[in-house]
Structure formats: C-alpha cells, structure tokens
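# Coordinates in review
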Amino acid sequence: MNASEIAYRRVVVKLGTSVLTSGSRSLDKAQMAELTRQMAHLMKAGVEVVLCTSGAIAAGREHLQHPQLPDTMASKQLLAAVGQSQLILAWSQLFGIYGFNVGQLLLTRADLHDRERYLNARDTLNALLAQGIVPIINENDAVATQEIKVGDNDNLSARAALLCDADLLILLTDQKGLFDADPRNNPDAKLIPEVANIDDSLRKLAGGSVSGLGTGGMATKLEAADIARRAGIEVVIASGQHPDVIKKLSCKEAVGTHFCAIEHPLESRKQWILAGPKPRGQLVLDEGAVNAVANKGRSLLSKGVVSVEGEFERGDTLKLTDANGRVFARGLARYNAAAMQKIAGKHSDDIESLLGYDYGNAVVHRNDMVVL
C-alpha cells in the first residue's frame, strides 16, 4: 500500500459480531486474520488504527461449548466475562504476527457521561496511539447494566471516533451498505453510494439486525454515522467480506455507502454533549422558542418552556422537543427539574423571585446546546 494513496491519518474500524463469526456460532479466525492483515498494512503505511470490536458474548459461548443458560442479564455478563479475555487474546495474537501490540479499553456509558472520565478515556486512547499500540475497544458487558450501557458497538465506535479525533469511521457489517429498499425481500433494491444528509426518510430504510447475532442493525449504524459526521468525521458502511475493504476505503475507493462529514464540525464540548451523556429529562418548547433555538442561534429562556419531563439535576443532559414530540436539540440544564417546573413559562426576570436564586436568564445556554 502506497502511503500517498491513503486519504486519512486516523481510522476507527468497527467490526460487528456477524462479520467476526461470518454468520456462524463461533468466531471465524480466518476472517479475523484477514481483517487484521488489512489493518496492519494500513498501520505500516503510517495510519493510526483504532479497533472497536464486538464478539465477546459469542466468544464466551464458543469457549464454554455453547452452554444452555437462562436468557438473563447475568448469563450475558457471564458469557462476556469469559469471552472478553478470549477475544482480546485472539486479537493480540493476530496483531502480534505483524509486530503490533494491543491495548484494551472496556467502556460503559458512565465513562462517557462524566466529562472528566470522558477526557481520561481520550487521553488513554491518544497515549496508546502515540506508542504505536492498537487500541481495542468494546463495551464492558461483564459489569454494564441496561441503564449504563451504550447498547451497541455502532454507537460506541462513533464515540470512540470522537474521543480520538478520527478522520474516518468504517462500520463493517454483513450488508454491502445502505439500500433504497430492503435487499432481503426486494431484488430490485439498489445500494446508496453516498449520503449527504440523514433525514427521516433515510431512517425509514433502516431495518433490524439481519443475523440475529448482534445488537445493532442498520438503524444503529445511521445513528452512529450521524454522531460522527457532526464531528467532521467521514463514515462508511460496507461489507466485511468485500476483498481488501479496509484498504480500499482508506484510499477513498467507492465501496459501500459513504456519509459525508459536516463541513463545520461541532467543537469538543458540544461533541461530548451529543455523544456522551444520556438525556435525563425533556423540555417541551412553544413554537417561538423552537424557532429561536433552532433557526436563530438563541439560548433557551424559561418563558419558552411549555412542560418539563423527567428527574434531572443541574448540568444533566436534556432533550428539547417541539409540541409534536420531535427532538430537535440537546443541551445541559442550568436548573434542576424541580426548579424548572417552577419557572417554566415564566419570564426570566421572575426567576430569582420564584426560586430565591438565579443561575442566569437561560435555562439551557447556547454554548451548552447542540441543535440536531
């Protein structure tokens, strides 16, 4: 591979369970070896690679010879605990063939929710890359509960791409990309080669997990693509079985579905608001407030809040919706839920008299907000 042909300096590669198992019940070591070869050649050409890998639970089932277990969270955590060590061992051995060491990062949503932990994870990622070590990221399924899970490795890979300031996020799956119809039951379905904007009509094209082996389908890949592209990162969804797929995508060859990065990406703090904390509450806005926030670049004032939902504290992430329930922005609360209930619909000048204190006119400041 000629370094001059490569269009990116830092690439995140996400491998789904269906890619790693080739649709079987066990890890496909030959497929993993081939993908490792491609990533290693990319690294030898001077590109930094971060691997976001699924497959811990599948590896645990295989290692324990597919035991019959109850379908509970504890069983999945057991399988993940056993399988994670097997998975990282396999990657370590494969990258070792090419002289590369690996480092493991197991994350949960809690690690991305807290700003300090988010920055610590970023520092660790960058330190590994600076030493030529391959960061291998997975969700910490052995300890994660439903409340603190990111939930799927598509979204986790998008957050990893933000953490390390990647140029390209490659989502490899068992499909060739995003189609204009479901290719499983429509022989006339056509691959969409490029997406400039992710809208509701595009989201309707996304179905569930094809293989049933993983937690992510095309819908989660669209979510991941939307997060990454807002940070100025290009995204491609492609088949993990396509010959030399990682090399070709790194050289900007037309494979799969390419999502264009937004020209003016969000600055670091707003990337964290979008990708890190799970919203703890919701504010429903009147029409004037929606227009002011979405179209005029204004902060949200208390007078524009119609209703308050959820239990949240000052600094928690909130969803901002219109009267129809459409989420159009996220932001950090300047007042907790109880205070917000008291000042919703009231003029900003009345906040101090209503609460006995005042954190400012804005209930969500423009600097703490991401308009979607």
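Residues numbered from 1 in each chain as written. Predicted model: local features only at pLDDT ≥ 70, side-chain atom pairs only at ≥ 80, totals over all residues. Heavy atoms only, no water.

## With respect to the sheet that holds strand β13 (residues 327-332)
What holds strands together in a sheet is hydrogen bonding between their backbones, with the strands either parallel or antiparallel. To keep things clear, this is the line we draw: When DSSP finds at least two bridges between two strands, those strands are taken to pair. Only runs of H or I of at least four residues qualify as helices and only runs of E of at least two qualify as strands under DSSP, and these elements are numbered from the N terminus. Here an axis means a line fitted to C-alpha atoms, over the contact stretch when the element is a helix, while the angle between two N-to-C directions is reported on a 0 to 180 degree scale. The contact rule is simple, with two residues in contact once any of their heavy atoms fall within 4.5 Å.
With mixed pairing, the five strands of this open sheet are ordered in space as β11-β9-β12-β13-β15. Of all the strands in the sheet, the pair left with one neighbour each is β11 (305-309) and β15 (369-371). Averaged over all neighbouring strand pairs, the angle between strand axes comes to 20 degrees, with direction disregarded. Alignment of strand β9 (residues 281-285) against β11, held across four bridges, turns out to be antiparallel. By the bridge assignment, Q282 is partnered in β11 with E309. Relative to β9, helix α12 (residues 287-296) is tilted by about 110 degrees, and along the sheet it contacts β9, β12 (317-321), β13 and β15.

## Topic: the packing of aromatic side chains
Keep this limit in mind: Centres within 6.5 Å make a pair out of two Phe, Tyr or Trp rings, where for Trp the six-membered ring is used; the pair is then stacked when the planes are under 30 degrees apart, edge-to-face when over 60, and tilted otherwise. When a residue's accessible area, from a 1.4 Å probe over protein chains only, is under 20% of the maximum for its type it is buried; when over 50% it is exposed; and in between it is partly exposed. Our definition puts a charge over a ring when NZ of Lys or CZ of Arg is within 6 Å of the ring centre and also within 35 degrees of the ring normal.
Applying the stated criterion to the full structure yields four aromatic pairs. Ring plane angle 45 degrees and centroid distance 6.1 Å describe the contact between W91 and F95, whose orientation is recorded as tilted. With a gap of four residues between them, W91 and F95 both fall in helix α4 (residues 73-96), about one helical turn apart. Neither W91 nor F95 differs from the other in exposure class; each is buried. Centre to centre, the rings of Y357 and Y359 are 5.2 Å apart; their planes meet at 55 degrees, and the pair counts as tilted. Every member of this aromatic cluster is reached through a ring pair, and the members are Y335, Y357 and Y359. Here R314 stacks its cationic end above the ring of Y359, 3.8 Å away from the centre of that ring.

## Side note on the UniProt feature "binding site: substrate" (unreviewed entry) in the chain
Worth spelling out the cut-off: UniProt positions are given in the numbering used here, feature names are shortened, and annotations may be inferred rather than shown by experiment. Nitrogen and oxygen atoms within 3.5 Å of one another constitute a polar contact, given that in protein one can donate a hydrogen and the other can accept it, and given that sequence-neighbouring residues count only through two side-chain atoms.
The sites that UniProt annotates as "binding site: substrate" (unreviewed entry) are S54, D141 and N153. Within the secondary structure, S54 is located in the loop between β2 (48-53) and α3 (56-63). Note that N153 resides in helix α7 (residues 153-163). Beyond its immediate sequence surroundings of up to four residues, N153 is in contact with K14, C52, T53, S54, N138 and E139. Within the structure, the side chain of N153 is placed 3.0 Å from the side chain of N138, a separation counted as a polar contact.

## Focus: the sheet that holds strand β8 (residues 257-259)
Taken in spatial order, the eight strands of this open sheet run β3-β4-β2-β1-β5-β7-β8-β6, and their pairing is mixed. With partners counted over all chains shown, the strands left at the sheet margins are β3 (102-107) and β6 (194-195), one partner each. Pairing of β6 with β8 involves two bridges; the strand directions are parallel. Bridge pairing in β8 links V195 to F259. Strand contacts of α4: β1 (10-15), β2, β3 and β4 (134-139), with the helix running at about 150 degrees to β3, the strand carrying the most contacts.

## Remarks on the nonpolar core
Formally: We call a set of buried residues a nonpolar core when its members are Ala, Val, Leu, Ile, Met, Phe, Trp, Tyr or Cys and they connect through side-chain atoms within 4.5 Å of each other.
One finds V13, L15, M39, W91, L172 and I246 to be the most contacted residues of the largest nonpolar core, which totals 39 residues. Filtering out sequence-adjacent residues up to four positions away, I246 remains in contact with V13, L35, Q38, M39, L42, I170 and L172. Of all hydrophobic cores here, the second largest spans 38 residues; its members include L105, A161, L162 and I227.

## Considering the packing of α7 against helix α9 (residues 218-230)
Heads up, the condition is: Relative orientations are named as follows: roughly parallel for angles under 35 degrees, roughly antiparallel for angles over 145 degrees, roughly perpendicular for angles from 65 to 115 degrees, and oblique for any other angle. Each crossing gets its hand from how the near helix is turned against the far one by less than a right angle, where anticlockwise is left-handed and clockwise is right-handed. Any residue that is not Ala, Val, Leu, Ile, Met, Phe, Trp, Tyr, Cys, Pro, Asp, Glu, Lys or Arg is counted as polar, Gly included; the first ten are nonpolar and the last four charged.
Put simply, α7 and α9 touch, their axes get as near as 8 Å, and they point 10 degrees apart. As the angle between them shows, α7 and α9 are arranged roughly parallel. Crossing of α7 against α9: the hand is right-handed. Together, D154, N155, A158, R159 and L162 of α7 and T220, K221, E223, A224, I227 and A228 of α9 make up the contact between the two elements. Class assignment for the residues of the contact of α7 with α9 results in five nonpolar, two polar and four charged.

## What about the pairing of β13?
Burial runs high along β13: five of the six residues are buried. Turn length for the β12-β13 hairpin, with the two strands adjacent in sequence and antiparallel, is five residues, and the turn residue G325 shows positive phi of about 85 degrees. Sheet topology note: the β13/β15 ladder contains three bridges and is antiparallel. Of the residues in β15, the one forming a bridge with R330 is V370.

## So, the environment of N155
As for its placement among the helices and strands, N155 is situated in helix α7. Residue class for N155 comes out buried when judged on its relative accessible area of 5%. Here the alpha-carbon distance between N155 and L222, two residues 67 residues apart in the chain, equals 9.1 Å.

## Describing the pattern of salt bridges
Where we set the bar: Any carboxyl oxygen of Asp or Glu within 4 Å of a side-chain nitrogen of Lys or Arg constitutes a salt bridge here.
Taken as a whole and judged by the stated rule, the model has 12 salt bridges. D322 serves as the salt-bridge partner of R326, at 3.2 Å between the closest nitrogen and oxygen. By relative accessible area, which is 12% here, D322 ends up buried. A salt bridge links R334 to D368; the nearest nitrogen and oxygen atoms lie 4.0 Å apart. Of the two residues, R334 is situated in the loop between β13 and α13 (337-343) and D368 in the loop between β14 (362-364) and β15; the sequence distance between them amounts to 34 residues. A residue is classified by how much of its surface remains accessible, and R334, at 24% relative accessible area, is partly exposed. Residue classification places D368 among the buried positions, given a relative accessible area of 11%. Each of R9, D165 and D167 takes part in one network of salt bridges that share partners.

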